[in-house]
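Topology and contacts: notes
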Amino acid sequence: MKTYTIARADADVPLTGDVDGPWTAADVASIDEFNWYESGPQPETSVRGLYDDTSLYLQFLVADDEITSRTTELNGPTYEDSCVEFFATPDPGSNARYLNFEANPCGVFKMAWMEPGWSVRGIGRDLVSPELAEAITVATSEPGPTREPSADDESWWLAVRFPFEALSAFTGLDLAPESGDRWRANFHRTGVASRSQEASWNPIGTEEKQFHSPGHFGWVDFE
């Protein structure tokens, strides 16, 4: 099981694709576990994490020769586009629910608070409301509402700020981590041309493709 340390930012964190300023202090997590790989390219994707008293920040850098972004509605099927994901269980000792954040290159996202196995039971998933979603700030390299692939495509980036106040309102938990706190989490790259080329940061040991596997999350430590 992998462990990633989220560094504490010592200055305002810019939502950018540049690795400068506070981002130079962030460790890199490579999304390079191709759990169900069959053939073809293994595109590089990385993520960096920072936090301060108010928020959690993530920066994804994505190699992509077919940038696709067609979903325009909140909580829509962003996983069908080029997509990066963050899944986290903030309170693994007493609450099995996990956060599901999925975003496409134009910054459209889905965010859910989920119980393991919700899809089988048909219950146990809450989607973020439009009002609360406004508190989540996303910046990307792609300016339009949609994006079709181009022969010149090489990469894109996405950076996101999650205010702890908004996460607490959404989950019902007190989510303002301090140094030494631990979450369970995983990062994913989905929506590539071949589904067998989709990847995770922590390996997922399921025979069938299943990113919704909180039992296969790694550890995230707050510095």
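None of these values were measured; they are calculated from a predicted model.

With respect to unusual backbone geometry
The backbone phi angle of N75 is positive, close to 65°, even though this residue is not glycine. Here N75 shows up in the loop between β4 (55-63) and β5 (83-89). For N75, a relative accessible area of 19% translates into the label buried.

Remarks on the pairing of β5
For β5, the tally of buried residues reaches seven of seven residues, placing the bulk of the element in the interior. Side chains C83, E85, F87 and T89 project from β5 onto one buried face, and the interleaved V84, F86 and A88 project onto a second face that is buried too. Relative to strand β11 (residues 182-190), β5 is paired through seven bridges, and the arrangement is antiparallel. In the strand pairing of β11, E85 is matched with H188. Taken together, the five bridges between β5 and strand β6 (residues 98-103) define a ladder with antiparallel strand orientation. Residue E85 lies in a different strand from β6, and its bridge partner there is E102.

Let's talk about the packing of aromatic side chains
Across all of its chains, the model carries 15 aromatic pairs by this definition. Here the aromatic rings of W36 and F211 are separated by 5.3 Å at their centres, their planes lie at 85°, and the arrangement is edge-to-face. Within this pair, whereas W36 is found in the loop between β2 (28-30) and β3 (45-51), its partner F211 is found in the loop between β12 (199-200) and β13 (218-222), the two being separated by 175 residues in sequence. Geometrically, the ring pair formed by W183 and F222 is edge-to-face, given 5.1 Å between the ring centres and 65° between the ring planes. With a gap of 39 residues between them, W183 in strand β11 and F222 in strand β13 connect regions that are remote in the sequence. Residue W183 is classed as buried on the basis of its relative accessible area, which comes to 5%. One aromatic cluster is present, built from ring pairs that chain together Y4, F60, F86, F101, F109, F162, F187 and W201. R182 extends its terminal NZ or CZ atom over the ring of W219, reaching a point 4.3 Å from the ring centre.

Remarks on helix α3 (residues 164-171)
Counting buried positions over the eight residues of α3 gives six, a clear majority of the element. All buried positions along α3 are accounted for by F164, A166, L167, S168, F170 and T171. One or two residues past the end of α3 sits G172, with phi positive at roughly 80°.

Comments concerning the environment of S129
Checked against the element boundaries, S129 lands in the loop between β8 (125-127) and α2 (130-133). For the pair S129 and A159, spaced 30 residues apart in sequence, the C-alpha to C-alpha distance is 21 Å.

Topic: the environment of I6
Along the chain, I6 falls in strand β1 (residues 3-8). The buried category is assigned to I6, whose relative accessible area is 2%. Residue contacts for I6: discarding those within four places in its chain leaves G49, L50, Y51, L56, V220, D221, F222 and E223.

Side note on the pattern of salt bridges
Two side chains of opposite charge can pair, provided their charged atoms sit close to one another. A complete count under the given rule lists twelve salt bridges for this structure. Across the pair R97 and E115 runs a salt bridge, and its minimum N-O distance is 3.2 Å. Taken together, the residues R97 in the loop between β5 and β6 and E115 in the loop between β7 (109-114) and α1 (118-121) connect sequence positions 18 residues apart. Judged by its relative accessible area of 29%, E115 falls in the partly exposed class. Via salt bridges that share partners, K2, D32 and E33 belong to a single interconnected network.

Things to note about the side chain of R48
Examined against the element boundaries, R48 turns out to sit in strand β3. Within the buried set, R48 has no salt-bridge partner at all; the shortest N-O distance to an opposite charge, 8.3 Å, is to D27. Setting aside residues up to four positions removed in sequence, R48 forms contacts with Y4, V19, W23, A26, D27, V28, Y57, L58, Q59 and L61.

Cut-offs applied
Residues numbered from 1 in each chain as written. Predicted model: local features only at pLDDT ≥ 70, side-chain atom pairs only at ≥ 80, totals over all residues. Heavy atoms only, no water. Helix = DSSP H or I, 4+ residues; strand = E, 2+ residues; numbered from the N terminus. Buried < 20%, exposed > 50% of the residue type's maximum accessible area, 1.4 Å probe, protein only. Pairing = 2+ DSSP bridges. Phe/Tyr/Trp six-rings, centres within 6.5 Å; stacked < 30°, edge-to-face > 60°. Lys NZ or Arg CZ within 6 Å of the ring centre and 35° of its normal. Contact = heavy atoms within 4.5 Å. Salt bridge = Lys/Arg side-chain N within 4 Å of Asp/Glu carboxyl O. Lys, Arg positive; Asp, Glu negative; His and termini not counted.

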